[in-house]
Amino acid sequence: IFLWRCDSKKQNVHWVAWDKLKAPKEVGGAGVGSLWNLNLALLAKWWWKFKTSPQSLWAQIISGFHNTTNRPWYCFAKPKRSGVWSSIDKIKNRFWKMNIEVKEILNTHDGGLTWRSDYVMDGKFCVAKLRNRLDKAHHPVGDGEFWWLNSVPKKVTSFVWRAKQGRIPSAEALERRNIPVTSPMCGLCADQIVAAYHILTSCCMAKETLCMVLDWC
């Protein structure tokens, strides 16, 4: 879906804000997702692997170096240490800023003998599920869920999604972006501004077309 384009020779219109494209489909976005959140989810997966594979060589080395056995279970590294593993431990701060607790991602009720997570499916840590949770945390309020049906061509659903937000090149949308138009008024209805909703629903031509389609269906 090419809603954003880059051309050094001419300026293009960005019809939909990037944040709207990244937002989950459940809140009205396009579900493109955030690479930043994907990276956080991939790093959090290492927490799960570290706790559920304590006998592995790499886990024993990290545990010995950071003395994790004498620390609270949610502390994965020594404080004020540098290095890759310390950076993985510090992503807790990112989750806290999004009001996501570590125990939501990883938790134990028996002193560390067994571990559970809301993001484990069929015994495997699901990065996609956690990423979706992080995307939702960045977009708590939306326009409502939009159904991206697989049975409908992507070009059609993309157009309807954009039209629902008034993000198609109607006269009203072009004029709002300071792009010259001959007239913002509908040539058929005369007294109506050519906006997205008018083109598709309230214009007399649109109404006749919809009636013909419904009669045919």
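Model, not experiment: these values are computed from the prediction.

(A) Structural detail: the packing of helix α2 (residues 35-52) against helix α7 (residues 127-138). In the contact formed by α2 and α7, the axes pass within 8 Å of each other and the chain directions differ by 135°. Between α2 and α7, the crossing angle belongs to the class labelled oblique. In this structure, α2 meets α7 at a crossing whose hand is right-handed. Contact residues: Leu35, Asn37, Leu38, Leu40, Ala41, Leu42, Ala44 and Lys45 in α2; Val127, Leu130, Arg131, Leu134, Asp135 and His138 in α7. Its residues assigned to classes, the contact of α2 with α7 comprises 9 nonpolar, 2 polar and 3 charged.

(B) Inspection of the packing of α2 against helix α3 (residues 57-66) at higher detail. One way to put it is that α2 packs onto α3 with a least axis distance of 9 Å and a crossing angle of 95°. Comparing their axes, α3 and α2 come out roughly perpendicular. Contacts between α2 and α3 involve Trp46, Lys49 and Phe50 from the first element and Trp58, Ala59, Ile62 and Ser63 from the second. Here the contact of α2 with α3 is composed, by residue class, of 5 nonpolar, 1 polar and 1 charged.

(C) The side chain of serine 117, seen in detail. Residue placement: serine 117 occurs in the loop between α6 (102-105) and β1 (120-121). A polar side-chain atom of serine 117 sits 2.5 Å from the main-chain carbonyl oxygen of isoleucine 105. Polar side-chain contacts of serine 117 include one of 3.1 Å to the backbone nitrogen of tyrosine 119. Contacts of serine 117, omitting those with residues within four sequence positions, involve Trp48, Glu104, Ile105 and Phe125.

(D) Broad picture of the environment of asparagine 37. By the element assignment, asparagine 37 lies in helix α2. Ignoring any residue separated from it by four or fewer positions in sequence, one finds asparagine 37 in contact with Arg131, Leu134, Asp135 and His138. At 2.7 Å, the side chain of asparagine 37 forms a polar contact with the side chain of aspartate 135.

(E) Layout of the state of the cysteines. On inspection of all chains with the given rule, the structure shows 0 disulfides. The thiol of cysteine 211 is not disulfide-bonded; the next cysteine sulfur, from cysteine 204, is found 12 Å away. By relative accessible area, which is 46% here, cysteine 211 ends up partly exposed.

Cut-offs applied
- Residues numbered from 1 in each chain as written.
- Predicted model: local features only at pLDDT ≥ 70, side-chain atom pairs only at ≥ 80, totals over all residues.
- Heavy atoms only, no water.
- Axes fitted to C-alpha atoms, helices over the stretch in contact; angles between N-to-C directions.
- Helix = DSSP H or I, 4+ residues; strand = E, 2+ residues; numbered from the N terminus.
- Parallel < 35°, antiparallel > 145°, perpendicular 65-115°, else oblique.
- Left-handed = near helix turned anticlockwise from the far one by under 90°.
- Contact = heavy atoms within 4.5 Å.
- Nonpolar A, V, L, I, M, F, W, Y, C, P; charged D, E, K, R; others polar.
- Polar contact = N/O pair within 3.5 Å; in protein donor to acceptor, adjacent residues only side chain to side chain.
- Disulfide = S-S within 2.5 Å.
- Buried < 20%, exposed > 50% of the residue type's maximum accessible area, 1.4 Å probe, protein only.

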